[in-house]
Amino acid sequence: MAAVRDVYQFIDKIAPFNTQEGFDNAGFLVGRGEREVTKILVALDITLEVAREAARWGAELVVAHHPVIFHPVKSVTDETPVGQVLLELAEHKIAAVCAHTNLDAALGGVNDCLAQALELTDIGQLCQAGVDGEGRPYGIGRTGIVHRPGLSAKEYAAFVKGKLGASSVRFVDGGKPVSRVAVGGGACGSMLEDAIAQGCDTFVTADLKYNNFLDARALGLTLLDAGHFATENVACAPLVRRLAEAFQDVEVRLSEVHREVYQSV
């Protein structure tokens, strides 16, 4: 039977934790490494609702993308949102493993899943940060050729919204038909010039600021903000499949309660 530490080691193999960004806190964050695992719940975030879902189902482990502990915690009480989640996990003996920027950068990780969800072909790296211990290149972002070259910015925004199930897509038209696309799951607004350097006319990411759109228009780059959840949640279902294949005696399920936190009108 698998243990929490076995699952951590598997994730470390496909998305090495030592490749995470310096600001990050990915890893084995809650629980006991030798705890036996029969059920794993996968979610983008470990919210209180997700922790309670794991408890109801009887999961011993939650595997998430965003770290359940990101900033230093000075206390664990029910008076803070983070404390409530950590107490829910601890009181039900549920462990947490979180693969964040290491999964963003890994081959087959968040950005490859995003590129595939948008039906890009000839997929390559947007920025290579290095090579992992297995000799595999890693880095944030991907590039590729659009599924149907020649779409307008508005047409492509509608396509992206439908494919990702996004609440909305904000965009600015760079003035060129969509052909070569860069993608960056989550907040990658600092990578506009990287997309242009790779010959991309379009960039799909999230959490963009007003000045990002101004800069993109001036640079002739079509820029789309499809939302943080929508651009990263695409990696959760593939992660369920990979865990289920690796641990065939363990039930692995995608969270049914975690979804986009906001609505659009």
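As shown above, the structure is provided for reference.
A quick note: this is a predicted structure, and the numbers were derived from the prediction, not measured.

Student: Let's hear about the pattern of salt bridges: which residues, and what values?
Tutor: Applying the stated rule across the entire model yields five salt bridges. Residues K163 and E119 are paired through a salt bridge, measuring 2.5 Å at the closest nitrogen-oxygen approach. In this pair, K163 is assigned in helix α6 (residues 153–164) and E119 in the loop between α5 (110–117) and β5 (121–125), connecting sequence segments 44 residues apart. Of the residues examined, K163 reaches a relative accessible area of 40% and is grouped as partly exposed. D132 serves as the salt-bridge partner of R136, at 2.8 Å between the closest nitrogen and oxygen.

Student: How would you sum up the packing of helix α1 (residues 4–14) against helix α10 (residues 236–246)? Please name residues and give values.
Tutor: Relative to each other, α1 and α10 sit at 120°, their axes nearing to 11 Å. It follows that α1 is oblique to α10 by the angle criterion. Of the two possible hands of crossing, α1 and α10 adopt the one that is right-handed. Contacts between α1 and α10 involve V7, F10, I11 and I14 from the former and L239, R242, L243 and A246 from the latter. Of the residues that constitute the contact of α1 with α10, the class distribution is seven nonpolar, no polar and one charged.

Student: How would you sum up α5? Please name residues and give values.
Tutor: Taking burial as the measure, the eight residues of α5 include six buried ones, the bulk of the element. Within α5, burial applies to V110, N111, D112, C113, L114 and A115. Downstream of α5 by one or two residues, E119 has phi in the positive range, about 60°.

Student: Let's hear about α6: which residues, and what values?
Tutor: If you check α6, its first and last C-alpha atoms are 16 Å apart, about what 12 residues at 1.5 Å a residue would give, namely 16 Å. On its buried face, α6 sits against α5, β9 (170–172), β10 (180–187), β11 (202–206), β12 (222–225) and α9 (228–232). Downstream of α6 by a residue or two, G165 has a phi angle that is positive, lying close to 65°.

Student: Talk me through the sheet that holds β11; I want residue IDs and the actual numbers.
Tutor: Strands sit in the order β5-β8-β10-β11-β12-β9 across an open sheet of six strands; the sheet is mixed. Each of the sheet's edge strands pairs with one partner strand only, and the pair in question is β5 and β9. Geometrically, the sheet is characterised by an average inter-axis angle of 20° between neighbouring strands, direction not taken into account. Pairing geometry for β5 and strand β8 (residues 142–145), over three bridges, is antiparallel. Looking at β8, one finds that G124 is bridged to T143. Set on the sheet, α6 makes contact with β9, β10, β11 and β12; between it and β12 the angle comes to about 25°. Set on the sheet, helix α8 (residues 210–219) makes contact with β9 and β12; between it and β9 the angle comes to about 30°.

Student: Any details on the nonpolar core? Residues and values, ideally.
Tutor: Counting residues in each nonpolar core, the largest one holds 52 residues, and the members touching the most others are I40, L118, Y156, V160 and L243. Look past the residues within four positions of V160 in its chain and what remains in contact with it is L118, V169, V204, L224 and A226. Counting 20 residues, the second-largest nonpolar core is a separate cluster that includes L48, W57, A64 and V68.

Student: Residue-level account of the environment of M1, with values.
Tutor: Among the secondary structure elements, M1 is positioned in the segment before α1. Ignoring any residue separated from it by four or fewer positions in sequence, one finds M1 in contact with D6, E36, V37, T38 and D249.

Conventions used here
Residues numbered from 1 in each chain as written. Predicted model: local features only at pLDDT ≥ 70, side-chain atom pairs only at ≥ 80, totals over all residues. Heavy atoms only, no water. Salt bridge = Lys/Arg side-chain N within 4 Å of Asp/Glu carboxyl O. Helix = DSSP H or I, 4+ residues; strand = E, 2+ residues; numbered from the N terminus. Buried < 20%, exposed > 50% of the residue type's maximum accessible area, 1.4 Å probe, protein only. Axes fitted to C-alpha atoms, helices over the stretch in contact; angles between N-to-C directions. Parallel < 35°, antiparallel > 145°, perpendicular 65-115°, else oblique. Left-handed = near helix turned anticlockwise from the far one by under 90°. Contact = heavy atoms within 4.5 Å. Nonpolar A, V, L, I, M, F, W, Y, C, P; charged D, E, K, R; others polar. Expected span 1.5 Å × (residues − 1). Pairing = 2+ DSSP bridges. Core = buried A, V, L, I, M, F, W, Y, C linked by side-chain atoms within 4.5 Å.

Purely geometric stuff here, so don't read any function into it on its own.
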